[in-house]
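# Coordinate analysis (summary)
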Amino acid sequence: MVIRECSAPSLENALDAKVCFVKWTTTTDIEVAKAARDNKCLVELRINGHVVSVTDIQEQPDGTYDITILDDPAQAPNSKPEQGRVTYDPAIDRLYGRPGFNNRHLSLFVIECPP
């Protein structure tokens with residue numbers, strides 16, 4: 001389900017003094033997020049106020065999804081993001097496999113794509 005969709009100026013292109021827009025969408029549908037990631041769009045996963053970058057989504061034979069993320073758990077100056085993996089089980093709408101994500105609902109994906 002797509003919750004919200006709009007267009008906003010791209011900061012990167014604004015700095016290059018070009019007129020361009022980035023389309024962004026929010027969704028709770030992992031298939032929409034997977035398709036966007038497969039099309040090289042930027043995807044973020046939001047969980048209870050925390051945001052991580054999604055670098056890959058792979059459906060597993062059992063119907064779950066492995067989501068590769070970049071996370072900055074320290075949220076401190078000079079901290080470095082860590083790559084990790086969480087699993088999403090759509091049958092029970094739960095994430096697991098990483099501290100801070102275990103037994104949490106999938107809140108929202110934010111997707112940013114070129115027009």
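Residues numbered from 1 in each chain as written. Predicted model: local features only at pLDDT ≥ 70, side-chain atom pairs only at ≥ 80, totals over all residues. Heavy atoms only, no water.

As a further point, take the confidence of the model for the protein. Averaged over all residues, the pLDDT of the protein is 80; the fraction at 70 or higher stands at 75%. For the stretch residues 1–20, pLDDT sits under 50, and the model shows 32 contacts to residues farther than four places along the chain or on other chains. (pLDDT = per-residue confidence, 0-100. Contact = heavy atoms within 4.5 Å.)

Moving on: the pairing of strand β3 (residues 42–47). Walk down a regular strand and you will see the side chains alternate between the two sheet faces. Covered by surrounding structure in β3 are V43, L45 and I47 only, the residues L42, E44 and R46 on the alternate face being uncovered. By the bridge criterion, five bridges tie β3 to strand β8 (residues 108–113) in an arrangement that is antiparallel. Paired with V43 across the two strands is I111, which belongs to β8. Note: β3 against strand β4 (residues 50–59), five bridges, orientation antiparallel. Paired with L45 across the bridge in β4 is V52. Between β3 and the antiparallel strand that follows it, β4, lie two residues; N48 among them carries a positive phi value of about 45°. (Buried < 20%, exposed > 50% of the residue type's maximum accessible area, 1.4 Å probe, protein only. Helix = DSSP H or I, 4+ residues; strand = E, 2+ residues; numbered from the N terminus. Pairing = 2+ DSSP bridges.)

Okay, the environment of T25 next. Relative to the helices and strands, T25 resides in strand β2 (residues 21–27). Considering only alpha carbons, one finds T25 and E112, 87 residues apart in sequence, at a separation of 6.6 Å.

Here we take up the pairing of strand β5 (residues 65–71). For β5, the buried fraction is high: six of the seven residues fall into the buried class. Bridge count between β4 and β5: six bridges; the pairing is antiparallel. Within the sheet, the bridge partner assigned to E59 lies in β5 and is Y65. Here β4 hands over to β5 after five residues, with G63 in that stretch at a positive phi of 90°. As paired strands, β5 and strand β6 (residues 82–89) are joined by seven bridges and run antiparallel to one another. Directly across from T68, in β6, lies its bridge partner R85.

Moving on, we come to the pattern of salt bridges. When the charged atoms of two side chains with opposite charge come close together, those side chains can pair. Applying the stated rule across the entire model yields four salt bridges. The salt bridge partner of R46 is E44, with a shortest N-O separation of 3.7 Å. In this structure E44 comes out as partly exposed when scored by relative accessible area, which is 25%. Between E82 and R98 there is a salt bridge whose closest N-O contact spans 3.2 Å. Of this pair, E82 sits in strand β6 while R98 sits in the loop between β7 (94–96) and β8, placing them 16 residues apart in sequence. We classify E82 as partly exposed; its relative accessible area is 40%. One salt-bridge network, in which partners are shared between bridges, spans D71, E82 and R98. (Salt bridge = Lys/Arg side-chain N within 4 Å of Asp/Glu carboxyl O.)

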